[in-house]
Amino acid sequence: MSAVPDYSNNFKRLQARLRSLAGKAIEDFRMIEAGDKVMVCLSGGKDSYTLLDILMSLQRSAPVDFELVAVNLDQKQPGFPEHVLPEYLKALGVPFHIIEQDTYSVVKRVIPEGKTMCGLCSRLRRGALYKYAAENGVTKIALGHHRDDIVETLFLNMFFGGKLKAMPPKLHSEDGRHIVIRPLAYVAESEIERYARAREFPLIPCSLCGSQENMQRVEIKKMLREWERQYPGRTESIFSSLRNVVPSHLADPASFDFNKRPTPEGPVTNNPGELFE
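Here is what the cut-offs are and how they apply
- Residues numbered from 1 in each chain as written.
- Predicted model: local features only at pLDDT ≥ 70, side-chain atom pairs only at ≥ 80, totals over all residues.
- Heavy atoms only, no water.
- Salt bridge = Lys/Arg side-chain N within 4 Å of Asp/Glu carboxyl O.
- Helix = DSSP H or I, 4+ residues; strand = E, 2+ residues; numbered from the N terminus.
- Buried < 20%, exposed > 50% of the residue type's maximum accessible area, 1.4 Å probe, protein only.
- Phe/Tyr/Trp six-rings, centres within 6.5 Å; stacked < 30°, edge-to-face > 60°.
- Core = buried A, V, L, I, M, F, W, Y, C linked by side-chain atoms within 4.5 Å.
- Contact = heavy atoms within 4.5 Å.
- Pairing = 2+ DSSP bridges.
- Axes fitted to C-alpha atoms, helices over the stretch in contact; angles between N-to-C directions.
- Parallel < 35°, antiparallel > 145°, perpendicular 65-115°, else oblique.
- Nonpolar A, V, L, I, M, F, W, Y, C, P; charged D, E, K, R; others polar.

Overview of the pattern of salt bridges
Enumeration according to the criterion identifies 22 salt bridges in this entry. Close ionic contact of glutamate 189 with lysine 221 constitutes a salt bridge, the shortest N to O distance being 2.9 Å. On the criterion of sequence distance, the pair formed by glutamate 189 in helix α7 (residues 189-199) and lysine 221 in helix α8 (residues 216-230) is long-range, its members being 32 residues apart. Under the relative-accessibility criterion, lysine 221 is labelled partly exposed at 21%. With its nearest N and O atoms 3.8 Å apart, the salt bridge here joins lysine 222 to glutamate 219. Of the two residues, lysine 222 and glutamate 219 both sit in helix α8, three residues apart, roughly one turn of that helix.

Quick look at the environment of tyrosine 104
Locating tyrosine 104 in the fold gives a position in helix α4 (residues 103-110). According to the relative accessible area criterion, tyrosine 104 is buried, its value standing at 17%. As a C-alpha pair, tyrosine 104 and glutamine 77 span 27 residues in sequence and 5.7 Å in three-dimensional space.

A closer look at the packing of aromatic side chains
What the rule picks out here adds up to eleven aromatic pairs. Taking the centre distance of 5.3 Å and the plane angle of 20° together, the rings of phenylalanine 11 and tyrosine 195 count as stacked. With phenylalanine 11 in helix α1 (residues 4-28) and tyrosine 195 in helix α7, this pair connects stretches of sequence that are 184 residues apart. Among the residues examined, tyrosine 195 registers a relative accessible area of 0% and is labelled buried. Arranged with centres 6.5 Å apart and planes meeting at 90°, the rings of tyrosine 88 and phenylalanine 201 form a pair that is edge-to-face. Here tyrosine 88, found in helix α3 (residues 84-92), pairs with phenylalanine 201, found in the loop between α7 and α8; they are 113 residues apart in sequence, far enough to count as distant. Accessibility assignment for this pair places tyrosine 88 and phenylalanine 201 in one class, buried.

Description of the nonpolar core
One finds Ile32, Val38, Val40, Leu52, Leu55 and Phe155 to be the most contacted residues of the largest nonpolar core, which totals 50 residues. If we ignore the near neighbours within four places in the chain, the residues touching valine 40 are Ser48, Leu51, Leu52, Leu55, Leu68, Val69, Ala70, Val71 and Ala142. By size, the runner-up hydrophobic cluster in this structure holds 15 residues, among which are Val69, Ile99, Ile141 and Val180.

Describing the sheet that holds strand β4 (residues 140-142)
The strand order across the open sheet built from six strands is β3-β2-β1-β4-β6-β5, with neighbouring strands paired in mixed fashion. With partners counted over all chains shown, the strands left at the sheet margins are β3 (96-100) and β5 (170-172), one partner each. On average, adjacent strands in this sheet sit at an angle of 25° to one another, irrespective of strand direction. Looking at chain direction, strand β2 (residues 67-74) and β3 are connected through five bridges and run parallel. Pairing of asparagine 72 across the sheet is with isoleucine 98, part of β3. Contacts between α3 and the sheet are confined to β2 and β3, with β3 contributing the most and set at about 165° to the helix.

So, the packing of helix α2 (residues 46-61) against α7
Between α2 and α7, whose axes approach to 9 Å, the crossing angle comes to 75°. It follows from the interaxial angle that α2 and α7 lie roughly perpendicular. Contacts between α2 and α7 involve Lys46, Asp47, Thr50, Asp53 and Ile54 from the former and Glu189, Ile192, Glu193, Tyr195, Ala196 and Arg199 from the latter. Residue classes in the contact of α2 with α7 are distributed as four nonpolar, one polar and six charged.

What follows is the structure, given as structure tokens:
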């Protein structure tokens, strides 16, 4: 028997799983609603290609109507293959737009050689995408971050920022003008890697920061992958903890009023001294 049918069936099961996980995240966090215009931020990496592919698949069977537009920011990196994404998106038949903005030169000028460029690059990229969204009636901005990205961000903030903070599946921008969604929030990176290989996406590496092997995120990723090899399922368990937070068992007075104490009769009191009178 040919190996092709087995591969085809394996791919269909993987695609169905990704559709199911993305659909559940969309439903759990009310990411997409009737009439939404969803801007899919396409970088040329495996995650954003997968995001667009799955959203297009869900769009065909969704109980509500919504629009999709794929948007790429051409940052004018030397050697960037400008033809790849337009050709791919035209063949796909999805509406798209390419924003041209030379953020590459800005980052190279401002950030010293050897320092991590991602922070400034991300801010400039976000500004350009938000501007396009505001000017073109976009109601949701979809990013390709997956479960592993979210867990990595949790540890980055803990280890290097002293904050218990990750990436929310749905986020309102600080000015309240934009809603950012992450439909792949429940999907493991390993599943996206398998899906991207099967779909043979025309991947475009990031020449700006892709070679920065000493980035803090790279170290966190290595740590988590080692944990996962030793204790399979640990990443999923950590992610699950983000959905099961007990503020009273942490130490943030802004999240829980530690001055409240239960009285013997049951009601709470804001005066701890009352318990000892």
